[in-house]
Amino acid sequence: GTGGTLAGIARYLKSKDEGIECHLVDPQGSSLYNKVKRGVLYNRVEAEGKRLRNPFDTITEGVGINRLTCNFHIAIGGDGTKAGKTAGNEGPSLLSGAFKCSDREAVEMSRYLARRDGLFLGSSSCVNIVGAAKLARQLGPGHRVVTIACDSGVRHLTKFWSGEYVASHGLTPTKYTKDDPFEFLDDE
């Protein structure tokens, strides 16, 4: 999952080159973004009186969570043990930052990649690619940004790739006529 992939890859890459940056990309409703950015595992949907039975009001599936797993604890500099998680004894984080990804951004990116590159990707892959595009914009020209396309669209046909389902959530993708095909990305 997210924690194991991120922690494992970050640990390996940083062992080869300390200058490499690794970033989390988190869908709406998940609290890992706040853990990386602010040190607090919290999302506004968890505020007192606001807690929902299913706080993930998102169409992206298979990414994002509202608890600290042992694997993700390693990514933020912990030892990955249950005791270590509760003690809050994180050392230097393997992560350089975090980005948020909205449902709109994930859907728009999926359709853009399908039209432009013939890639039929799942929501987790599109969340990752949105984050990579945001990082590339932030860094500017002359940098290399790499991400993982970890799922195909095959398992997402009834929701993420269903025109009817996406439209029922007000997420019908737009057609691009402007010079910037990534105009749908929110600034962070």
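For the structure itself, consult the block above.
Residues numbered from 1 in each chain as written. Predicted model: local features only at pLDDT ≥ 70, side-chain atom pairs only at ≥ 80, totals over all residues. Heavy atoms only, no water.

## Digging into the layout of surface pockets
- Computed from the structure, the largest pocket encloses a volume of approximately 1000 Å³.
- Contributing to the lining of the largest pocket are 33 residues, with Leu6, His23, Val146, Thr147 and Ile148 lying nearest its centre.
- Elements that contribute at least two residues to the lining of the largest pocket include exactly α1 (2-16), β1 (23-27) and α6 (123-139).
- For the lining of the largest pocket, the residue count by class is 16 nonpolar, twelve polar and five charged. (1 Å grid on protein atoms, 1.4 Å probe; cavity = no way out; pocket = protein on both sides within 12 Å on 5 of 7 lines; lining within 4 Å. Points joined across faces, edges and corners; volume = space filled by probe spheres on them. Helix = DSSP H or I, 4+ residues; strand = E, 2+ residues; numbered from the N terminus. Nonpolar A, V, L, I, M, F, W, Y, C, P; charged D, E, K, R; others polar.)

## A look at the packing of helix α5 (residues 103-117) against α6
- With their axes 9 Å apart at the nearest point, α5 and α6 run at an angle of 90 degrees to one another. In terms of axis orientation, α5 runs roughly perpendicular to α6. Each of Glu105, Ala106, Met109, Ser110 and Leu113 in α5 lies in contact with α6, whose residues at this interface are Cys126, Val127, Ile129, Val130, Ala133 and Lys134.
- Of the residues that constitute the contact of α5 with α6, the class distribution is eight nonpolar, one polar and two charged. (Axes fitted to C-alpha atoms, helices over the stretch in contact; angles between N-to-C directions. Parallel < 35°, antiparallel > 145°, perpendicular 65-115°, else oblique. Contact = heavy atoms within 4.5 Å.)

## Things to note about the environment of valine 25
- One can find valine 25 in strand β1.
- C-alpha of valine 25 to C-alpha of serine 124: the two residues are 99 residues apart in sequence and 9.7 Å apart in space.
- Those residues in contact with valine 25 that lie beyond four places of it in its chain are Phe99, Cys101, Val127, Asn128 and Gly131.

## Focus on α5
- The end-to-end C-alpha separation of α5 is 21 Å, in line with the 21 Å expected for 15 residues at 1.5 Å each.
- For α5, the complete set of buried residues consists of Asp103, Glu105, Ala106, Val107, Glu108, Met109, Ser110, Arg111, Tyr112 and Leu113.
- Once α5 finishes, glycine 118 follows within two positions and takes phi at roughly 70 degrees, a positive value. (Expected span 1.5 Å × (residues − 1). Buried < 20%, exposed > 50% of the residue type's maximum accessible area, 1.4 Å probe, protein only.)

## Re a nonpolar patch on the surface
- A grouping of Phe120, Val154 and Leu157 is seen on the molecular surface, where their side chains present a nonpolar patch of about 280 Å² in accessible area.
- When you line up the elements, valine 154 lands in the loop between α6 and α7 (163-168).
- Take valine 154: its relative accessible area is 54%, and that puts it in the exposed class. (Patch = residues over 30% accessible without salt bridge, like charges linked within 9 Å, V, L, I, M, F, W, Y side chains within 5 Å. Areas by Shrake-Rupley, 256 points an atom, 1.4 Å probe, with all protein chains shown as cover. Salt bridge = Lys/Arg side-chain N within 4 Å of Asp/Glu carboxyl O.)

## Considering the pattern of salt bridges
- Counting across every chain of the model gives three salt bridges.
- Salt-bridge contacts for arginine 104 lead to glutamate 108; the nearest nitrogen and oxygen are separated by 3.0 Å. Taken as a pair, arginine 104 and glutamate 108 lie in helix α5 at a separation of four residues, close to a single helical turn.
- With a shortest N-O distance of 2.8 Å, arginine 116 and aspartate 117 are connected by a salt bridge.
- Of the residues examined, arginine 116 reaches a relative accessible area of 54% and is grouped as exposed.

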